Each structure stands twice: as C-alpha cells, then as structure tokens.
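# Observations on chain architecture
Each chain, written out:
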Amino acid sequence: MKNRLKVLRAERDWTQAQLAERLEVSRQTVNAIEKGKFDPSLPLAFKAARLFGMAIEDIFQDEAAA
Amino acid sequence: MNEPNAKPGGWAAANARNTLLLAYWTGAWVATQALAVFGPGRLWSSGQTLTALVLLANVATGVGMILAFRRHLNGLDELQKRIQLEAMALCLGVGLVAGMAFSTLYVTKLIPFDAKISHLVILMGLTYLAGILLGHRKYQ
C-alpha cells in the first residue's frame, strides 16, 4: 500500500516524532508506514485522515488498484 | 511553522511508565526467586516457614509481573505489538521444539548431564530477545 504521509508531514514541517506523538504511536511506526514496510490498521488510517483533514483514500492508495 | 498540537507526557510518557513498571516487577520477581533459591542454608539455616513465605512472595510478585507485562503490551502501538507477537511466536516455537528435544536427549541418556528447566528458560529468554531485535531491524 502506497501513502502520502511523508509529503503531508513535510508540507506541515512536522518531524516524524511530532507526527508520531499526534497519532499516539512510536516514531518507528511512522517511519515504517512512510517507507511502506508496515500498513496501518483502519483505526490508525482514520486517525491520520482526521489529523490531515483528508479522506483516507487521499492518503493511502492500494497499489494493486493503481 | 505549522506545529502539531503534540501533548507532552502523552502516549510516549505512558508507554515509558508502563515499561518502568514492568522493570520494577521483573526485578522484584528475580530478587524473590534468588532469595527463595539461595536463602535457605545461606541466609537462614532452618525454618521452612520463612522459605515458604519467600516462595509465596515470589509467586505474588510473579503475578504482578504478568499483570505489568499485560499492561505494557496493551499500551504499545500496533507495530510494536506485531514485533512482540512475532518475537513471542519464535520464543514459543523454539521453546517447545528445543524443550522436547532436550527432554528426549535426557530420557534416552544421549546427554551426560541433567536437563534442567533453567537451560530452557535461558534459551527462551535469548530467543525472545533475538526476536525483538530482529523485529526492530525488520521494520527499521
């Protein structure tokens, strides 16, 4: 699954640690999601969507469907 | 700069507190275990009652350690939980396979020494530690 988390974070000048604190996860988790090594659960994806004020599909895209 | 409303002392601080709590309970359990094993004959010469009380304290701190570990796990985020799950699966598998093989070696007298439970505990501890390190490396 691809995602735009790194771009959205960079647009807001947030560090991984700041985003992690906001999402209530570890910095390692944010890093793993950004690198595509770990797919977040639906609740975490919704949390990220709420944080950035976007729809989930605008942040996370299914690579198979792309 | 667009600062996120990060709450100091939030999830990360709670996580650190849970880890510290687990360390305290584990330390207490190890200390009472050592006292129960080495106390009779070294710290006190006789008295089954004292030994029984220390053993009771050991079981009680063991229960505390289990509850603290559960609290620690529940406080982790989803990636950390996955790392823990994979490490515990590895630990359980290695413990079961190596434990049975070790026991069979002892029963069939293929090893010249006693198969002690402490050997298995050390193996499982090291396997769990290796599993955690591998997990962190995998999702780095």
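Residues numbered from 1 in each chain as written. Chains lettered and ligands numbered in written order. Predicted model: local features only at pLDDT ≥ 70, side-chain atom pairs only at ≥ 80, totals over all residues.

### What to know about the overall build of chain A
Inclusion rule: Strands here mean DSSP runs of E at least two residues long; helices mean DSSP runs of H or I at least four residues long; both are numbered from the N terminus. For the radius of gyration, the atoms used are the C-alpha atoms, and the globule rule reads 2.2 Å times the number of residues raised to 0.38. Field definition: a residue is buried when 20 or more other C-beta atoms are found within 10 Å of its C-beta, exposed when 12 or fewer are, and partly exposed for counts in between, with C-beta atoms placed from the backbone. The contact criterion used here is simple: two residues whose C-beta atoms, placed from the backbone, lie within 7 Å are in contact.
From N to C terminus, chain A includes five helices and two strands. Start at the N end of chain A and walk to the C end: the helices and strands fall as β-α-α-α-α-α-β. Relative to the globule expectation of 11 Å for 66 residues, the C-alpha radius of gyration of chain A, 11 Å, shows essentially globular dimensions. The principal-axis extents of the C-alpha atoms in chain A amount to approximately 30 × 25 × 20 Å. Within chain A, the fraction of its 66 residues that count as buried is 26%. A fraction of 50% describes how many contacts in chain A between residues 6 or more apart in sequence connect residues 24 or more apart.

### Comments concerning the overall build of chain B
Counting its secondary structure elements, chain B contains four helices and zero strands. The order of helices and strands in chain B, counted from the N terminus, is α-α-α-α. Taking the principal axes of the C-alpha coordinates as reference, chain B spans close to 70 × 40 × 20 Å. Each of the 140 residues in chain B was classed as buried or not, and the buried ones make up 11%. Across chain B, every contact between residues at least 6 apart in sequence was considered, and the portion connecting residues at least 24 apart equals 69%.

### Thoughts on the interface of chain B and chain A
Where the parts come together, the accessible area they lose is often given as the size of the interface. The condition is simple: All amino acids are sorted into three groups, where Ala, Val, Leu, Ile, Met, Phe, Trp, Tyr, Cys and Pro are nonpolar, Asp, Glu, Lys and Arg are charged, and the leftover types, Gly among them, are polar.
Between chain B and chain A, the contact holds 12 residues from the first and 17 residues from the second. For the side of chain B that touches chain A, the secondary-structure elements that each account for two or more residues are helix H1 (11-38) and helix H3 (78-107) of chain B. If you tally residues by element for the side of chain B that touches chain A, the top one is H3 of chain B, at three residues. Class assignment of the residues belonging to the side of chain B that touches chain A gives a composition of seven nonpolar, three polar and two charged.

### Let's talk about the domain arrangement of chain B
Using the following cut-off: For the domains described, the bounds stem from an automatic or database domain assignment.
Under the domain assignment used here, chain B contains domain 1 (7-76) and domain 2 (77-140). Computed over C-alpha atoms, the centres of domain 1 of chain B and domain 2 of chain B are 21 Å apart.

### Some points on unusual backbone geometry
All names here are of chain A. For Asp 13, which is not glycine, the phi dihedral falls at a positive 60°. Here Asp 13 is to be found in the loop between helix H1 (5-11) and helix H2 (16-23). Accessibility expressed as a C-beta count within 10 Å gives 11 for Asp 13, which makes it exposed. In this structure, Glu 24 takes a positive phi of about 60° despite not being glycine. Here Glu 24 shows up in the loop between H2 and helix H3 (27-34). Residue Glu 24 is classed as partly exposed on the basis of its 16 C-beta neighbours within 10 Å.

### Concerning the nonpolar core
Spelled out, the test is: Core membership is restricted to buried Ala, Val, Leu, Ile, Met, Phe, Trp, Tyr and Cys residues, and these are joined into a nonpolar core through C-beta atoms within 7 Å.
Judged by nonpolar contacts, the single largest core of 14 residues is most densely connected at Leu 19, Ala 20, Leu 23, Val 25, Val 30 and Ile 33 of chain A. Contributing elements (two or more residues each) for this core: H2 and H3 of chain A together with H3 of chain B. When residues of this core are assigned to their parent elements, the largest contribution, four residues, is made by H3 of chain B. Among the nonpolar cores identified, the runner-up in size contains five residues, and Leu 22, Trp 25, Trp 29 and Ala 68 of chain B belong to it.

### Points about the confidence of the model for chain A
Selection criterion: Per-residue confidence from the prediction method is given by pLDDT, with values spanning 0 to 100.
Predicted confidence across chain A gives a mean pLDDT of 94, with 97% of residues reaching 70 or more. For chain A, per-element mean pLDDT is lowest for strand S1 (residues 2-3) of chain A, which scores 92, and highest for helix H4 (residues 42-52) of chain A, which scores 97.

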